[in-house]
Structure formats: structure tokens, C-alpha cells
Amino acid sequence: MSVSAATAAVLGDPFFQRLKALVIETTGMAFYADKDEDLARIVAERLTETGLGVCARYLELIADVVRGKVEMDALVAELTIGETYFFRHREQFDALRDIILPEALVRNEATRSLRIWSAGCATGPEPYSLAIMLKREFGHRIAGWNVSILGTDINQKFLARARDGRYDEWAFRVTPDAVRRECFDAVGKQWQIKPEFKDWVSFQYHNLIRNRFPSLLDNLSAFDVIICRNVVIYFSRETVEALVPCFRESLVDGGWLVMGHAEPNIELFRDFRTVNTEGAVLYQRVDRPLPSRVAPKVVLPIPEPPKRSEPRSARSTKPKPAPRPQVAVGPASDGEVAAVRALADQGKWSEAMAACDRLIAANVLDAVAHFYRALVAEQLGDLEGCETYLKRAIYLDRHFVLPHYHLGLFLWRRNDPAGAMRSLRNVVALLRPLPDDFVLAHGDDITAGQLRETVGMHLDLIGAA
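It should be emphasised that the depicted structure is a prediction, and the values quoted were computed from it without experimental measurement. (Residues numbered from 1 in each chain as written. Predicted model: local features only at pLDDT ≥ 70, side-chain atom pairs only at ≥ 80, totals over all residues. Heavy atoms only, no water.)

Draft legend 1. Examining the overall build of the protein chain more closely. Per the secondary structure count, the protein chain includes 17 helices and 10 strands. Looking at the protein chain as a whole, 54% of its 465 residues qualify as buried. (Helix = DSSP H or I, 4+ residues; strand = E, 2+ residues; numbered from the N terminus. Buried < 20%, exposed > 50% of the residue type's maximum accessible area, 1.4 Å probe, protein only.)

Draft legend 2. View of the packing of aromatic side chains. Counted under the stated rule, the structure contains 19 aromatic pairs. Relative to Tyr234, the ring of Phe31 has its centre 5.1 Å away and its plane inclined at 85°; by these criteria the two rings are edge-to-face. Placement of the pair is Phe31 in the loop between helix H2 (16-27) and helix H3 (36-50) and Tyr234 in the loop between strand S7 (223-228) and helix H10 (237-249), with a sequence separation of 203 residues. Residue Phe31 is classed as partly exposed on the basis of its relative accessible area, which comes to 27%. In this structure Tyr234 comes out as partly exposed when scored by relative accessible area, which is 24%. Between Trp117 and Phe213, the ring centres sit 5.4 Å apart and the planes meet at 85°, which makes this aromatic pair edge-to-face. (Phe/Tyr/Trp six-rings, centres within 6.5 Å; stacked < 30°, edge-to-face > 60°.)

Draft legend 3. Expanded view of the side chain of Ser250. With respect to the element layout, Ser250 can be found in the loop between H10 and strand S8 (251-259). Ser250 sits in the buried class, given a relative accessible area of 0%. A distance of 2.8 Å separates a polar side-chain atom of Ser250 from the backbone oxygen of Cys246. What Ser250 contacts, discounting residues up to four positions off in sequence, is Phe213, Pro214, Leu220, Ser221, Ala222, Phe223 and Ile226. (Polar contact = N/O pair within 3.5 Å; in protein donor to acceptor, adjacent residues only side chain to side chain. Contact = heavy atoms within 4.5 Å.)

Draft legend 4. Seen up close, the pairing of strand S9 (residues 272-277). Direction of pairing for S9 relative to strand S10 (residues 280-285): antiparallel, over a ladder of 6 bridges. Paired with Asn276 across the two strands is Val281, which belongs to S10. Taking the residues between adjacent antiparallel strands as the criterion, S9 and S10 are bridged by 2 residues, where Gly279 takes a positive phi near 85°. (Pairing = 2+ DSSP bridges.)

Draft legend 5. How the structure looks around the pairing of strand S2 (residues 146-153). In terms of residue burial, S2 counts as a mostly covered element, since 8 of its 8 residues are buried. Side chains of S2 alternate between two faces, with Asn146, Ser148, Leu150 and Thr152 and Val147, Ile149, Gly151 and Asp153 buried alike. Sheet topology note: the strand S1 (residues 113-119)/S2 ladder contains 7 bridges and is parallel. Note on S2: the bridge partner recorded for Ala119 is Thr152. Remark: the S1/helix H7 (residues 125-138)/S2 crossover connection has right-handed handedness. Summarising the sheet, S2 and strand S6 (residues 201-205) pair through 5 bridges and their orientation is parallel. When the sheet's bridge partners are listed, Asp153 is paired in S6 with Tyr205. (Right-handed = clockwise from strand over helix to strand, strands pointing away.)

Draft legend 6. Inspection of the confidence of the model for the protein chain at higher detail. Mean pLDDT over the protein chain: 86, with 89% of residues reaching 70 or higher. Confidence drops under a pLDDT of 50 for residues 289-329, and excluding neighbours within four residues, the segment shows 118 contacts in the predicted structure. (pLDDT = per-residue confidence, 0-100.)

Draft legend 7. View of the pattern of salt bridges. Taken as a whole and assessed by the stated rule, the structure comprises 22 salt bridges. Where Asp287 meets Arg285, a salt bridge forms, and the shortest distance between an N and an O atom there is 2.5 Å. Between Lys391 and Glu387 there is a salt bridge whose closest N-O contact spans 3.0 Å. Of this pair, Lys391 and Glu387 both sit in helix H14 (residues 383-396), separated by 4 residues, roughly a single helical turn. For Glu387, a relative accessible area of 22% gives the class partly exposed. Ionic contacts of the salt-bridge type, sharing partners, join the residues Arg90, Asp94, Arg97 and Asp98 into one network. (Salt bridge = Lys/Arg side-chain N within 4 Å of Asp/Glu carboxyl O.)

Draft legend 8. Examining the environment of Ile100 more closely. Checked against the element boundaries, Ile100 lands in helix H6 (residues 90-107). C-alpha of Ile100 to C-alpha of Gln284: the two residues are 184 residues apart in sequence and 9.2 Å apart in space. With residues up to four places along the chain from it excluded, the contact list for Ile100 reads Ala95, Val225, Trp256, Val258 and Leu282.

Below you can see the structure in the form of C-alpha cells.
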């Protein structure tokens, strides 16, 4: 097939290779390293759409603080492949049903919680398939449990479609008609997933290459199951070698990692227990000393934390008014905060909560301790406690940006858009005097510029809702 004039012009552009390097660095898609023609065709379409004409001007647009993220999202939307369907690779879903989920449910009987991450979820069939399986196969066993299924992707258009939960016939090509009729409503020529199968599922932006994980602040830690299929095949081996230990550290002890059929060789997963089943290879975290690893650098977390069931009285820990200490001591040290986060990353929520309570008892005026106490409370299903501790952190330090931000997200999830807008506008006001490269305390290295951009997206979404 001949190359179009527009594609040929991009291939001959002296700045094309610089743009290509930026795309691969930002997305990790080494897939395009030897596919110049495919990438040039997509870039040519964006140049036409934006009216910029040449790669140098397009690079300037992407570098723009205000407009760059929007255009990069548009470019990524064209680069990524969203073709997927419900219950894709049946053998792996059989392994989930017969091996992984039964083991996880037994292991979590005491905490009555289950956390699953679908990394690279595209338009959402995978996390919704998991919700359907859990409701239909294990619903009687997990009634009243705190269940979270989080889907993440780099493509904002895919995430919007996933949140909508409406699909064409082609997405059901291996789904039994009885399951489709039970779990979806016909809407014209499409099918809308029923609300009861959306309850446990949420979606958020996450770039596996540039956003650090595990991360308590981004709700990316202490998972029982992580599924990352048909994603890392687009990455270089070096990138995958850096990601696999991050996946391991994001699992609880005994947690499971499910990769795609065509993923890299098994040697990359030597720090896992390998379980071979018919048609699937599973990896289980079994704790033992591991060499130190460095997680990818954070660039732009855009969290939309998952919905939580109402707290059960047996597990709720409602905060009591704290007495004013007779002697005020200093805030928690970095080491003490790191200890709380380490417990949370391992899913030891009760221990993390106790550690926060000790910090608060030592200094009831420590806004940071109250902030982390709020994040842990949410993971335990204590929504009242989460809101209370966020507000306490803000009362104690009104310039502490992160509690304002997380309160905005919390209120949005609780169907209070007006309250969410107020909190997020407070974030904008607090960030206004800060330079873009200012690194926010306790923010996983996120800068003021990155959070400013993130909050702007949330305000746009809430305003459009």
C-alpha cells in the first residue's frame, strides 16, 4: 500500500524522530519503535486536526502547560488499541473462578474485603466481567463484603466509555445469551450493563510507565488480584523488567498476578510462585526477601477512587473528639509516615490505622497523621471516618493541599458535586502561587503543575455531569 502524501511529509519532517522518542518515553509503547509509517500516519491526522502542519509546532503544543495534556490524550487515543470483549480468554476466567477467587475469599474471611485491579482495562469489559463473575458465582459468599474492582488505562476516551458501560453486539461474541440478558439492558442496538454490576467497579487514569505504584494516595496498593493482559506486549523488555516488581509490591502476601498469553518469558516472574493451569499461567506473591527496586517516576496521577460499600458496624471505627494535648510535639517524622504507608501497601489496614492513631495520640495537631488516617479509614469502609479525618486535616493546616483534593474526590463519589467543586476550587487557589515544578509534600512526587492540571480535568468532568 502506498504512503499518503501527508504521511510521507511527516516521515520526512526533521522533528519526527524527536516526537517519536517523546511518545515512546511518555507511553512506554516501544511497539512503535520500528513502525515509523504507522506512527507517522497517526501524527499526520493530528497535524491536520490541529492545523499545525509540522512536527516542531506539534511538539510545542504538547509542551504547553495548559493545552498539552489534552492533545497528548487525543494522540494516545489514536495510538492505543481498545478492541476487547467480555470474558476474553475463557481459560483465564476459568482459573479466576476455580483457583484464584476461592483462595482469596478464604484468605480474606476475617477482613471481608476483596481488591482487584484491571490494569490496561480499555473500554471496561474485563472489570465488568469480573464483577459479573463475582456476583453470579460468589454472591452468596461475599454478601456484605467491601469489594473493589478498579480499572485503569492511559486512554481517557476508553475510560469515558467504560464508565458509561454501554456496548455493541461484538463485545459479547463469547458471552452466553443468558448472561447478557441477566446482566445487561437492551438500549437500541447496544447493551447497557445493569447498575448492580457497576456497584463494585470504578475507573481511573493511570500510566504504568510514569505513575508510581504501589501508591496509597492513588488507591493503587494492597490488591488481592492484579490482571494485566495484552498490555506489556507493547513495552520493551527493560520496561517490563521494571514493572513486574512494582506489580508484585502492589499485591498483598498471597495475592495473584494474571498476565496475558503472549506476555514475556517466565524468567521475569521468578519472584512469584508459578501455577500452571490448562490454558493459563498464574503468578502468586509469596513473601521472601527481595532486592530493592525503584518504581517508575510519577508524572500525572488522575485518581477516581472506587466506590465503597457502607461501613459495617463491626468494622467501622468512628473517630471520637480528640482531647487537646497538654504538650504539643512535632509532626510525625518521614520514617513514621513511611511506616504507615508500608503497612497500607501490604494491605495491613488495621495495623496502619493503629499506627495513625499512635501518631495522633502523640500529637493531635498533626495534620499529616489525620490525612493518612482518613485514607486508611476509607479502605476499611469507614466513610464517615474518612470524611471526618480529611476535614480535621484541613482544619489543622488549611494550606495542606492533598486533604482538600481528596475531600473533593470523596464528596464527588458521595454525589455531592457542589461540595466537590468547592473543595477542588480550594485546591486551585492553594496551588496558584506555587511554581509548576514545586513538589508537593506527601504527594508521591507530584508537582503543583501536575495537580493543577489534574484538578482542572476533575472540575470539567463534574461541571459536565
